[in-house]
Structures are given as C-alpha cells and as structure tokens.
Amino acid sequence: MHKPNVTVIGAGLAGAEAAYRLLTRGYPVTLYEMKPNKRTPAHTDDGFAELVCSNSLRSDRLENAVGLLKEEMRMLGSLVMTAADHTRVPAGGALAVDRKGFSTYITETLRAFPELTIVSEEVTELPKGPAIVATGPLTSDALAQAIERAFGSSLHFYDAAAPIVTYDSLEHDRVFAASRYDRGSDYLNCPMTREEYFACYRALVEAETAELHSFETPRVFEGCMPVEVMAKRGELTLAYGPMKPVGLSFNGMRPFAVVQLRRDNADGSLYNIVGFQTNLKFPEQRRVFGMIPGLAHAEYARYGVMHRNTFLESPKLLNFDFSLRSDPLLFFAGQMTGVEGYVESAASGLLSAIELIEKLEGRDPIDFTSGTAIGALGHYVAEYNGGDFQPMNITFGIMDPLSERVRSKQERGQRLSARALERVRTLKTERDL
C-alpha cells in the first residue's frame, strides 16, 4: 500500500521517538525542528532529543512505575530507551545518561533514514493530518498562539533546571562516593552538619532570584520545584526532601543533611547538583551553593535556570491515544499534553505514532488500558476530571489497582509491573507491534 508522508513537528524526545517509529514502519516523515536557526531560552545544543534539565531518566527498577514504563518502551522498540541504554552512566538504581552522547545517538540514528526529510524552520500554524505535534513545553510563541486560537486558552507553568559543576573543581576531601542503602558508589555526597545546613538554608531563603518576564504570576510545577521556593515552605523541608541523609553514612555516622551530585556525562567530568533546580541569579548561585561542603570553589558548566512550560487542556481536547477529538489524524505528544518527565514524553511520542499507524492502516486504536504504564498516561491526560489539570509523572496511582490487597509496597509494584508487561506482550503479538 502507498504510505502517506507524516509531518512531525519538534525533534525533542517525543518527536524523535514518534519519527523513529514511523520510519521503521516504512512511512516517510517530514520532521520540522527550528534549531539551529532558532532556539528556546533553555536549549543550547543543535542535536535532537536534547536533555534540558537533568540527565537522569529516574529509577530503572520494576517495582517503580517509571522503571515499568521504561521496560514497556523497550518491549515496543523505543529509540529513546535504546539510546539511553547505550549511553548510560553510573547512577545507582537510576538510569542516567551521557547528555551529549544520548542526543548524538538519536540524531545520527534518525538522520540515517533516507525517508526522513528535515526542515530547519519554525512552524507557526497547526499542520493538517497525518501529523504529530511534539513541540514540547517550550513551544514557540507563534505556534502557541496558533494553538490558543484553535482551542482556546492553554495553561502554563514555570520549570527549573539544576546547576552542573565540574568534577575537578570539587573539594574532594569534603565529599564521599556512595549511593543510598549501599547500592554502589555512583553519587558524590556533600555531608552537612546541623550548623552548616541552617547557615545554607538562611542564605538560600534570603538570596536574590532572577526576574521572570513572560507572565505576571508564574505557576511552578511541584515535581521540579526551585530549591529556594521549596526552602521557604519550612526550615526542615530540604532536610526531609532533596537533602535527606537517609541511607547514607560518613565516617560511621549519618550526617544531618546531604547534597548529592550525580554524574552528567560518560567520562565523569561533569556533575549536576541533585534536586537543586533554581531561579537564583548566577552570582547568588555561586555564593549560596558555595556554602555546601565540597562546592566552595566549584566551577559551573551550567547555572540553574528557570523557563516557561506550556501545556494543553488535554482532557477537553485529546483522546486516550493522544489524537485530537476534532481531527483523528492530528496527534499531540510530549510534555505539552500534560505528561511530565523525559520518559513520559518519549512514551507519549511512541504511543501516538503507534496509534497513528493503526488509523492510517484502517485499524481501530489500540487501548493499552490503564493496566499498563504507557496506557495510563494516555487515559490520564484524556480523562482527568479532578478540576485543575496539572502535568503528571507516571505513578502506580494512575494505573488500575490490583484486584487483591497487597500490603508490601515493593510486592505491589512488582505485581503491577508483571501484569502490565503481560498486557504489553499480548498486544505486541496480537497487533504485530
């Protein structure tokens, strides 16, 4: 059969994943990516699937929902998961990647397809189907305005990224290598006494933040809260949050608080400050974070930044397969739909491409159901009815519960994962995925 050309807008995680699925199934793809001619405030690299915030794709364990989602994607032939597995760096129980290597792997893989046409220009109007719009949380103003004209007002919030420091600039006699609960030594840890913690806390809550220009009243997503905003919720909030010392010991004792550094590239020359997303002015970042043991003379490869994220009122607009209710051949994918996180964005791109292919070939949509992680994301963004729609990471809480009660959290996660993987395995066979 003749296979029509599919338009994919955006070469981030979702767009790259969608384009790859279409190309491997024989569909020609025109991929619009405005870099390098135009950039958003958060992008610095010309490659596809640039990781703007952290280099971590979070837990890789099946008793964790995001670990399950990654395994489902592997079963379905995900490019993002293949790239992540090829470029992973040590991070305990998490899957972290070499940021540059990850992007390069995906870029080179896609560019190798002769059926791919890359157009380096900004798209300012919604395309006609078959198409997938995956322009991300930093959708350009012109396209965002076009979406607003088509569907009414969109929602927005602000997102923050953590600083990255160089390994050679650390005070190595003041840090120790360890992962929580004796799971290796992949993190560098900066232990703090009670006095050091409270001195840093006071400096943090009094520090000067950078001005935000795009909106008068920013809304901040809970999952990427700037550390200075979190600190203002209470003087021990950080000690029970990103600086919790649980599962770590230094010289035989548990510190009062710990700041963790996670490797950001394969050769270990760069580390990001875990949980320290921030909107502090750059000089303030040097001053305040320099109070953390080991970071007094840190050199910053990237300062923390804060930027606008835009997402749709998806429960009013999208089906569970990420297609537009008013146009079944126009799909949206990525964080602009209300999924939150790297893995979730890529998963939505994979699912939207799978579903678009089914429609183009005259078959009914595939309902992975909320018994799977990938299906639960689609049902969440399409069917949420709790009032104020907010972006969501994958959690077992949005998946169908087990029929029996299981007290152990770990066992419950394992059973949910086993059930989900069996569902994906069955669909893969029945629908030739």
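Here is a short report on the structure shown in this document. In this text, all values refer to a predicted model and were calculated from it rather than measured experimentally. (Residues numbered from 1 in each chain as written. Predicted model: local features only at pLDDT ≥ 70, side-chain atom pairs only at ≥ 80, totals over all residues. Heavy atoms only, no water.)

So, on to the overall build of the chain. Of the regular secondary structure elements, the chain holds 12 helices and 17 strands. Its C-alpha radius of gyration of 22 Å places the chain within 12% of the 22 Å reference for a compact globule of 433 residues. In terms of its C-alpha atoms, the chain occupies a principal-axis envelope of roughly 70 × 50 × 45 Å. Counting the 433 residues in the chain, one finds 56% classified as buried. In the chain, once contacts between residues fewer than 6 apart in sequence are set aside, the share between residues at least 24 apart is 70%. Of the accessible surface of the chain, which amounts to about 18,200 Å², a share of 49% is contributed by carbon and sulfur atoms. (Helix = DSSP H or I, 4+ residues; strand = E, 2+ residues; numbered from the N terminus. Rg over C-alpha atoms; globule rule 2.2 N^0.38 Å. Buried < 20%, exposed > 50% of the residue type's maximum accessible area, 1.4 Å probe, protein only. Contact = heavy atoms within 4.5 Å. Areas by Shrake-Rupley, 256 points an atom, 1.4 Å probe, with all protein chains shown as cover.)

This brings us to the environment of valine 258. For valine 258, the location among the structural elements is in strand 12 (residues 257-263). Owing to a relative accessible area of 0%, valine 258 belongs among the buried residues under this scheme. C-alpha separation for the pair valine 258 and methionine 75, spaced 183 residues apart in sequence, amounts to 37 Å. Those residues in contact with valine 258, other than ones at most four positions away along the chain, are Asn189, Cys190, Pro191, Pro242, Met243, Lys244, Pro245 and Leu248.

Attention now moves to the sheet that holds strand 11 (residues 187-192). Strand order across the open sheet formed by 6 strands is 10-11-12-13-9-14, with antiparallel pairing between neighbours. Both edges of this open sheet fall to strand 10 (176-177) and strand 14 (300-302), since each of them pairs with a single strand only. (Pairing = 2+ DSSP bridges.)

Between two packed helices, the angle of one axis relative to the other and the distance separating the axes together describe the packing. It is at 8 Å that the axes of helix 2 (residues 65-75) and helix 11 (residues 373-383) come closest, and there the two elements cross at 110 degrees. As far as their axial angle goes, helix 11 and helix 2 are roughly perpendicular. Between helix 2 and helix 11, the residues in contact are Ala65, Leu68, Leu69 and Glu72 and Ala373, Ile374 and Leu377, respectively. (Axes fitted to C-alpha atoms, helices over the stretch in contact; angles between N-to-C directions. Parallel < 35°, antiparallel > 145°, perpendicular 65-115°, else oblique.)

Now for the packing of aromatic side chains. By the definition in use, this model includes 11 aromatic pairs. Ring pairing ties together the aromatic residues Tyr197, Phe198 and Phe256, which thus form one cluster. (Phe/Tyr/Trp six-rings, centres within 6.5 Å; stacked < 30°, edge-to-face > 60°.)

For the rest of this paragraph, the subject is the sheet that holds strand 6 (residues 116-119). Here 6 strands make up an open sheet; going across it, the order is 6-2-1-7-17-16 and the pairing mixed. Whereas interior strands pair on both sides, the edge strands pair on one side only; in this sheet they are strand 6 and strand 16 (323-324). Pairing geometry for strand 2 (residues 29-32) and strand 6, over 4 bridges, is parallel. By the bridge assignment, tyrosine 32 is partnered in strand 6 with valine 119.

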